[in-house]
Amino acid sequence: MIPAVVDSGRVMWEGQRELRWSMERLADEALDRAGVELDPRGFLVGLPEEDHDLPIRLEPARRAFDLLALRGLMDRADELFAEQEERDDVPEELRAQDHYREAVMEGCRRQIVVEALTKAARFTGRTVVIGMSVVVGDYRVFPVLAVQTEPWEELPSLASTQVDGLSVDASFQEAIVHDVLRAASRELDRTNPSSLIGVDAGAVLRSAADTFVNGVVARTGQEYPHGLRDALDAVSAQTYEGRASTGSVVLAAKSHEDVAVEVGFARGVPLGVTRSFRRTLEMSGRGLRLLSDGREVHGLGRLLPGYDPADETCFLVRVVGNGSWELWHGGTPYLRVDNGQPALPRELMDRDGFADTVARVFAGHPAVDAEALWAVAEACTQQQYGAMVVVHPDAAAEGERLYPQSQLIEPTPLGSRAFAALTRVDGAVLLSPDGRCHAVGVILDGAATGTGDSSRGARYNSAIRYLAGAGRGSMVIIVSEDGRIDLLPTLMRRVRRSTIEQAVQRLVDAVEQGEDYEKIARLDRQCERLEFYLDDAQCERVNQARETVEQRRWTEERVRLQVTPIQPHPAMDDTYFVEPAEEAQERLGA
């Protein structure tokens, strides 16, 4: 039966708007905390469950999809299910189980609906992800998130999506989106579905990390792929005779042909016994890694060069100390956890960002060699116990000023071996902008400014103090023992003037046209992200738009939110703008 009417405007139940909006906000916050911006948009799609004369419903009612194209989807799902029933590769005893049949049926529904939504979308540049459907009243409701396609596809992702017929997430970001959709489905299954306000984004991230890691372990052939994330969180935070945890683990089946076993343990070491696991981790290094099947450590060995990453059956865990560990495959990091907080791994250092910082910090300096400085930065990342490099515009004079609390050397470029030797002593390495070293073992000075970070170590905070004092105009590269890299000063990215003006104008136009509060809030968040770049006039326009919204809210709902007026940032200047060449020429011509 095909519904004769489509109507996105009426409600399926009271509270659907709150659920959809809170689902979108939860996804946005969780992905943001994971370190990725996908700008998720949430939808609830309601298809008539029994009375096919009822219209199709969509929340929000903004015509994001061509609803006429969604008619008859459940009939097509029934047809697909019938085809699945005819498969002869499913054991009869499994086929007879109700829960198996319902799982297959739900898979057919979701497959049909996501294909239809993708074709029916009136927007472009977004990928549709769909959650488990739940019957609410007269409708079967599907929670949906649409994320930006370009960044979604650029993020690292495994190729395999099933293990033994069961779905597994291909990436951490996919696991996050699916976890939010599961939370929405659970809420839909309540007697009176309302919102996900009470769901914590941190809990979503931990659950998604569990799901993704379990899927990775399942890919290795482990029948019981549970508990690895907790074990790695615990062992990475555990010291051994005062030393921080560092080491690596190969995850693979015990008999994997691409894993060479150098030492086999007569009895395996359970990963859940933290002290034993930590003691065993101390054995890794010097070309050998622990070997584990995801449940216990069974020896020491290495992954052979002939392993084909397309198999996706061998993975690498790197424990980098101080509560931090990373999950790798085929030379690509897929997940990093710091003190129990999962996130997508970031590049140790972005080359383009590094070059941009060098150009801006040392603008006008007569001798700058960005390539030489980049080579030093790369050498920093290889130092096991961390390092700090200071690039000073007048390194010779600065070395003399800091003597004798440093070792002066003849100005010279440093090779990798020399750099490794010189960073074994305490203190920083002092370079000039052309990449030549002038001093080692430099102890930085500087008064406390109240701008440090109590959660960071001595290197980071001494660099902050130094840059606020005698080191002003310098650049500092800091590598912590846990592998974290900081480049100071942290400069805001450069943007086009037109980008800022368009964001402000879109907010002003939406307020003047009386758009709904949700759209205004989304545009307001865009302005908030760009707040650093706003000039005095743009700040005034944003403040006035916000005040107009709150006056309208008070008139309509007798509710008023407290809004703090924004003002220009004192550090903002024209160096943060980058413009097309023709715009720059026009500006010069004027």
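Keep in mind that what you see is a predicted model, and the values were worked out from it rather than measured.

Asker: Explain the sheet that holds strand S18 (residues 428-431) to me, please; I cannot follow it from the model alone.
Answerer: To summarise the sheet geometry, strands pair through backbone hydrogen bonds and adopt either a parallel or an antiparallel arrangement. Pairing is mixed in the open sheet, where six strands are placed in the order S17-S19-S18-S16-S20-S21. Because the sheet does not close on itself, it has two edges, and the strands there are strand S17 (407-413) and strand S21 (485-488). Averaged over all neighbouring strand pairs, the angle between strand axes comes to 20 degrees, with direction disregarded. Sheet topology note: the strand S20 (residues 475-479)/S21 ladder contains four bridges and is antiparallel. Within S21, the position partnered with Val476 by the bridge is Leu488. Contacts between helix H10 (residues 351-361) and the sheet are confined to S20 and S21, with S20 contributing the most and set at about 150 degrees to the helix. Taken strand by strand, helix H12 (residues 395-402) contacts S17, S18 and strand S19 (436-442), and its axis lies near 140 degrees from that of S18.

Asker: Hey, could you run me through the environment of Tyr307 in this one?
Answerer: By secondary structure assignment, the location of Tyr307 is in the loop between strand S11 (296-303) and strand S12 (315-321). In this structure Tyr307 comes out as buried when scored by relative accessible area, which is 9%. For the pair formed by Tyr307 and Gly287, sequence separation is 20 residues and the distance between their alpha carbons is 17 Å. What Tyr307 contacts, discounting residues up to four positions off in sequence, is His256, Asp258, Glu312, Thr313, Cys314 and His329. A distance of 3.0 Å separates a polar atom in the side chain of Tyr307 from the backbone nitrogen of Thr313. Within the structure, the side chain of Tyr307 is placed 3.0 Å from the side chain of His329, a separation counted as a polar contact.

Asker: Is there a simple way to think about the sheet that holds strand S8 (residues 247-251) in this case?
Answerer: Overall, mixed pairing links the eight strands, which are arranged S9-S11-S10-S8-S12-S13-S14-S15 in an open sheet. Single-partner strands in this sheet number two, and they are strand S9 (259-270) and strand S15 (341-343). Adjacent strand axes in the sheet meet at a mean angle of 25 degrees when their direction is disregarded. Sheet topology places S9 next to S11; seven bridges connect them, and they run antiparallel. Following the sheet pairing, Val269 is matched in S11 by Val297.

Asker: What's the story with the pattern of salt bridges in this structure? I'm lost.
Answerer: Between side chains of opposite charge, a pair can form when the charged atoms approach closely. All told, the structure shown has 39 salt bridges when counted by the stated rule. The salt bridge partner of Arg20 is Glu24, with a shortest N-O separation of 3.2 Å. Residue Arg20 and its partner Glu24 are both found in helix H1 (residues 16-34); the two are separated by four residues, about one turn of the helix. In terms of burial, Arg20 and Glu24 fall into one category: buried. Overlapping salt bridges, with partners in common, bring together Arg20, Glu24, Glu59, Glu518 and Arg522 in one network.

Asker: Got a minute to help me understand the pairing of S18 in this structure?
Answerer: For a regular strand, side-chain orientation follows a simple rule: the groups alternate between the two sheet faces. The alternating pattern of S18 places Ala428 and Leu430 and Val429 and Leu431 on opposite faces, both of which are buried. Here strand S16 (residues 387-391) runs beside S18; their pairing, made up of three bridges, is parallel. In the sheet register, Val391 faces S18, and the bridge partner there is Leu431. As paired elements, S18 and S19 share three bridges and run antiparallel to each other.

Asker: Explanation requested: a nonpolar patch on the surface in the structure shown.
Answerer: On the surface, Val559, Leu561 and Val563 cluster together into a nonpolar patch covering about 210 Å² of accessible area. Of the residues examined, Val559 reaches a relative accessible area of 36% and is grouped as partly exposed.

The rules behind the values
Residues numbered from 1 in each chain as written. Predicted model: local features only at pLDDT ≥ 70, side-chain atom pairs only at ≥ 80, totals over all residues. Heavy atoms only, no water. Pairing = 2+ DSSP bridges. Helix = DSSP H or I, 4+ residues; strand = E, 2+ residues; numbered from the N terminus. Axes fitted to C-alpha atoms, helices over the stretch in contact; angles between N-to-C directions. Contact = heavy atoms within 4.5 Å. Buried < 20%, exposed > 50% of the residue type's maximum accessible area, 1.4 Å probe, protein only. Polar contact = N/O pair within 3.5 Å; in protein donor to acceptor, adjacent residues only side chain to side chain. Salt bridge = Lys/Arg side-chain N within 4 Å of Asp/Glu carboxyl O. Patch = residues over 30% accessible without salt bridge, like charges linked within 9 Å, V, L, I, M, F, W, Y side chains within 5 Å. Areas by Shrake-Rupley, 256 points an atom, 1.4 Å probe, with all protein chains shown as cover.

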